[in-house]
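Below are the chains, spelled out letter by letter.
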Amino acid sequence: MKILEAFILSHGPLAVFFIGILEELIFILPSAIVFLAAGFFLIPENIGFSAALAQAFLKIGLPAGAGVAIGSLFIYGLVYWGGKPIFQKYGRYIGLTWDEIERAAARFTSGYYDELLLFLLRALPIFPISVVSAASGLVRIPWKKFMFYTFLGAFVRAGGAAVFERERHRVR
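Residues numbered from 1 in each chain as written. Predicted model: local features only at pLDDT ≥ 70, side-chain atom pairs only at ≥ 80, totals over all residues. Heavy atoms only, no water.

K.L.:
When you look at the nonpolar core in this model, what are you seeing that I'm missing?
P.N.:
One broad trend across soluble globular proteins is that nonpolar side chains are buried collectively. Judged by nonpolar contacts, the single largest core of 18 residues is most densely connected at Ile 8, Val 16, Phe 35 and Ile 60. The biggest single contributor to this core is helix α3 (residues 31-42), with 5 residues. Non-local contacts of Val 16, meaning those with residues more than four positions away in its chain, are made with Phe 35, Ala 38, Leu 42, Lys 59, Ile 60, Pro 63 and Ala 64. Listed in part, the 11 residues of the second largest apolar core include Leu 118, Ala 123, Val 139 and Met 147. (Core = buried A, V, L, I, M, F, W, Y, C linked by side-chain atoms within 4.5 Å. Buried < 20%, exposed > 50% of the residue type's maximum accessible area, 1.4 Å probe, protein only. Helix = DSSP H or I, 4+ residues; strand = E, 2+ residues; numbered from the N terminus. Contact = heavy atoms within 4.5 Å.)

So this is what it looks like as structure tokens:
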């Protein structure tokens, strides 16, 4: 944890950006802890709530959203282009066929439901976001839509976690 603290303190929002990229590529890196820590270290306790909220989304939300969006492209692209051959060959071993995946993908091509779901899965800290990238690539969500909602969801997730941690610590 000391390494994370030193990295965040010495590089600020740039550290949050790089951690956002790594968090998407290295599944064991817990984003909730990282963005909470960033809020603790980068947002002063002696400012009001509205100023803290603005700093949380500027110092942590924006760089984290950009980092997660860029980092997620690797998994998304890997599954987008390599998912079909893998599932055609090995899908029967996990009980999932390519036809089932195509049927699921067809449900995610109309309306705002898929956009809302992608945003919520990115924004809520209860679902591993690398899994969301893989699933999005598998059902072939268009990359521009994927990037926009990935950024937006990660922006809300990271900024919200940061301001939550700052307020939790300030109230004690």
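K.L.:
Looking at this structure, I do not really get the side chain of Glu 24. What am I missing?
P.N.:
Position of Glu 24 relative to the elements: it lies in helix α2 (residues 13-25). Among the polar contacts listed, one links the side chain of Glu 24 to the side chain of Ser 133, at a separation of 2.4 Å. Ignoring any residue separated from it by four or fewer positions in sequence, one finds Glu 24 in contact with Val 68, Gly 71, Ser 72, Ile 75, Arg 122, Ile 129, Ser 130 and Ser 133. (Polar contact = N/O pair within 3.5 Å; in protein donor to acceptor, adjacent residues only side chain to side chain.)

K.L.:
Help me understand the packing of helix α6 (residues 113-123) against helix α7 (residues 129-138), please; the structure alone is not making it clear to me.
P.N.:
Helix-helix packing: each pair is described by the crossing angle between the helix axes and the interaxial distance. Where α6 meets α7, the closest approach of the two axes is 9 Å, and the angle between their N-to-C directions is 155°. Taken together, α6 and α7 sit at an angle that is classed as roughly antiparallel. Of the two elements, α6 crosses α7, and the hand of that crossing is left-handed. In this structure, α6 uses Leu 118, Leu 121 and Arg 122 to contact α7, whose residues at the interface are Ile 129, Val 132, Ser 133 and Ser 136. Tallied by class, residues from the contact of α6 with α7 come to 4 nonpolar, 2 polar and 1 charged. (Axes fitted to C-alpha atoms, helices over the stretch in contact; angles between N-to-C directions. Parallel < 35°, antiparallel > 145°, perpendicular 65-115°, else oblique. Left-handed = near helix turned anticlockwise from the far one by under 90°. Nonpolar A, V, L, I, M, F, W, Y, C, P; charged D, E, K, R; others polar.)

K.L.:
I keep staring at the packing of aromatic side chains and nothing clicks. Help me out?
P.N.:
The description of an aromatic ring pair rests on the distance of the ring centres and on the angle between the ring planes. One pass over the full model with this rule turns up 8 aromatic pairs. Summarising the aromatic geometry, the rings of Phe 57 and Phe 155 are spaced 5.0 Å apart at their centres and angled 45° between planes, so their arrangement reads as tilted. Note that Phe 57 is positioned in helix α4 (residues 49-94) and Phe 155 in helix α8 (residues 143-171), a separation of 98 residues in sequence. Ring centres 4.9 Å apart and planes at 85° place the aromatic pair Phe 148 and Tyr 149 in the edge-to-face group. With a relative accessible area of 45%, Phe 148 lands in the partly exposed category. Members of the aromatic cluster, connected to one another through ring pairs, are Tyr 76, Tyr 80, Trp 81 and Phe 146. Directly above the ring of Tyr 80 sits Arg 140, whose terminal nitrogen or CZ lies 4.2 Å from the centroid. (Phe/Tyr/Trp six-rings, centres within 6.5 Å; stacked < 30°, edge-to-face > 60°. Lys NZ or Arg CZ within 6 Å of the ring centre and 35° of its normal.)

K.L.:
Would you take a moment to explain a nonpolar patch on the surface for this structure?
P.N.:
Taken together, the side chains of Tyr 112, Leu 116, Leu 120, Leu 124, Ile 126, Phe 127 and Val 131 define a hydrophobic patch exposed on the protein surface, amounting to about 690 Å² of accessible area. Turning to its location among the elements, Leu 116 is positioned in helix α6. Note on Leu 116: relative accessible area 40%, which makes it partly exposed. (Patch = residues over 30% accessible without salt bridge, like charges linked within 9 Å, V, L, I, M, F, W, Y side chains within 5 Å. Areas by Shrake-Rupley, 256 points an atom, 1.4 Å probe, with all protein chains shown as cover. Salt bridge = Lys/Arg side-chain N within 4 Å of Asp/Glu carboxyl O.)

K.L.:
What should I look at first to understand the confidence of the model for the chain in this one?
P.N.:
Low-pLDDT portions of the prediction should not be read for the details of their coordinates. Residues with a pLDDT of 70 or more make up 87% of the chain, whose mean pLDDT is 82. Ranking the helices and strands of the chain by mean pLDDT puts α2 first, with 87, and helix α5 (residues 98-107) last, with 70. (pLDDT = per-residue confidence, 0-100.)

K.L.:
Looking at this structure, I do not really get the packing of helix α1 (residues 2-11) against α2. What am I missing?
P.N.:
The interhelical angle for the contact between α1 and α2, taken along N-to-C directions, is 130°, at an axis separation of 6 Å. With respect to α2, the axis of α1 lies oblique. The residues of α2 that touch α1, namely those facing Leu 4, Phe 7, Ile 8 and His 11, are Pro 13, Leu 14, Ala 15, Phe 18 and Ile 19. Considered class by class, the residues forming the contact of α1 with α2 number 8 nonpolar, 1 polar and no charged.

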